[in-house]
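Single-letter residue listing:
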Amino acid sequence: MATSQQQEQPIRVGIIGTGIFAYRHLRAYRAVGQDKFQIVACANRSRDKAVKFAQEAGIPESAIYTDPLELINDPNVEVVDALLPVQYNWEIVQAAVAAKKHILFEKPIAHNLADARRIVEEARAAKTIVAVAENWSYHSLVRAVGKYVQQGSIGEIINFTYDSARPYNPSSPYHTTAWRQQPQHPGGYLSDGGVHDMAHLVPILGKFESVSAFTAMRQSIHVTADTLATSIKLANGGIGVANFTFSSAGVKEMRLEVHGTKGTIRLTNDQHVEVLDETGKPVDTSSVIQVDNASGFEDVEAEMLNLYNSVRNGEPLGVTPEEAFHHLAFIVAALEAADTQRVVKIQHADA
């Protein structure tokens, strides 16, 4: 817990990795407010990229680094924000914790489950905050739907259907990044994007137990499989199907329907919800789905506000490293199931 003096001061952030999404984080920090965050340092192995970002962020030349460890050990840096290819997550988390710095790092939690377990163990032992940057965990309507379902409002989950479509976009700047063209994380887009879907599904459905699956690659630019169809058994006994593609023809939509013993709920993206009672009649959602979003922030901005409140006020993280492990473990199990044509149990962080 921060002291009262610390609570009055903005958190001093050092950003490692000044690529595309660093600018998204910068906008979010600014939106949350300069009274809460100051960007004081940055690092990139390409000094030119670091300098360009520093000029945008107002970082002095003395706090521009090409070695991430120098930024981590900068005494003016309180929180490390690491936007790196995920194969570097474990070593950067380890270094930050050793330096007694809080750290926010990119999803998926790691590029394999062995490193993911190490990060979970490190986070449990750390005296500082270890947070996974999963902005889909900070969509307030999804969190409200999760609370509604998990408190038993539609009864026990019987069955669910989930369809997630993201369009094929050859002009996307993300395609050209080296870590996407030579992915070390399992399934490439399927894990990088699929953990987003898990950040929506797990709070609503609960943890996943086992999976069978098929995969396909529809666009060669994606390098690996870009379409995944799964059948899932939940830990609570419910069963269902979940389909994911990054090759739709212009359609971007996430649609979930959950049937319970006392009703049905339908969620489209993070924006629209419908509830049917046990007779199939519509329910006024405004009277039953209680969205708690006093700040007005969503997505990355809400994520940064949560980070501030975690560091300064001891607020729980919106997504824990254990939860992020489960998100990745599902994708890993689904890819194994598709490869072996067998039902695969989803690994646990404590296994």
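By the naming in an unreviewed UniProt entry, the chain goes by NAD(P)-binding protein and is assigned to Lichtheimia ornata.

S.K.: Which residues make up the UniProt feature "domain: Gfo/Idh/MocA-like oxidoreductase N-terminal" (unreviewed entry) in the chain, and what values go with them?
M.R.: Residues annotated in UniProt with the feature "domain: Gfo/Idh/MocA-like oxidoreductase N-terminal" (unreviewed entry) correspond here to residues 11–133. Between the end C-alpha atoms of residues 11–133 the distance is 17 Å, and the span holds 42% helix and 23% strand.

S.K.: So, the layout of surface pockets: which residues are in play, and what are the values?
M.R.: In this model, the second largest pocket occupies a volume close to 540 Å³. Going through the elements one at a time, α7 (140–150) and α10 (299–313) are the ones with two or more residues in the lining of the second largest pocket. Here the lining of the second largest pocket is built from residues that sort into 9 nonpolar, 7 polar and 5 charged.

S.K.: Help me get a handle on the pattern of salt bridges, residues and values and all.
M.R.: Under the counting rule described, the total for this entry stands at 17 salt bridges. The closest approach of N and O atoms between R12 and E78, which form a salt bridge, is 4.0 Å. Of this pair, R12 sits in strand β1 (residues 11–16) while E78 is found in the loop between α4 (68–72) and β4 (79–82), placing the two residues 66 residues apart along the sequence. Given a relative accessible area of 23%, R12 falls into the partly exposed group. Judged by its relative accessible area of 10%, E78 falls in the buried class. For the salt bridge of R47 with E61, the shortest nitrogen-to-oxygen distance reads 3.9 Å. Here R47, found in helix α3 (residues 47–57), pairs with E61, found in the loop between α3 and β3 (64–65); they are 14 residues apart in sequence, far enough to count as distant. On the basis of relative accessibility, which here comes to 35%, the residue R47 falls in the partly exposed class. By sharing partners, the salt bridges in this structure join R12, E78 and R312 into a single network.

S.K.: So what about the sheet that holds β4? Which residues, and what values?
M.R.: Two orientations exist for strands paired in a sheet by backbone hydrogen bonds: parallel and antiparallel. In space, the 6 strands of this open sheet follow the order β3-β2-β1-β4-β5-β6, with parallel pairing throughout. Taken across any chain shown, the strands that pair with only one partner, and hence form the sheet edges, are β3 and β6 (130–133). Alignment of strand β2 (residues 37–43) against β3, held across 2 bridges, turns out to be parallel. Looking across to β3, one finds that C42 is bridged to I64. Each of β1, β4, β5 (102–106) and β6 is contacted by helix α5 (residues 89–98), which is oriented at about 170 degrees to β5, the strand it contacts most.

Analysis parameters
Residues numbered from 1 in each chain as written. Predicted model: local features only at pLDDT ≥ 70, side-chain atom pairs only at ≥ 80, totals over all residues. Heavy atoms only, no water. UniProt positions renumbered as here; feature names shortened; annotations may be inferred. Helix = DSSP H or I, 4+ residues; strand = E, 2+ residues; numbered from the N terminus. 1 Å grid on protein atoms, 1.4 Å probe; cavity = no way out; pocket = protein on both sides within 12 Å on 5 of 7 lines; lining within 4 Å. Points joined across faces, edges and corners; volume = space filled by probe spheres on them. Nonpolar A, V, L, I, M, F, W, Y, C, P; charged D, E, K, R; others polar. Salt bridge = Lys/Arg side-chain N within 4 Å of Asp/Glu carboxyl O. Buried < 20%, exposed > 50% of the residue type's maximum accessible area, 1.4 Å probe, protein only. Pairing = 2+ DSSP bridges. Contact = heavy atoms within 4.5 Å. Axes fitted to C-alpha atoms, helices over the stretch in contact; angles between N-to-C directions.

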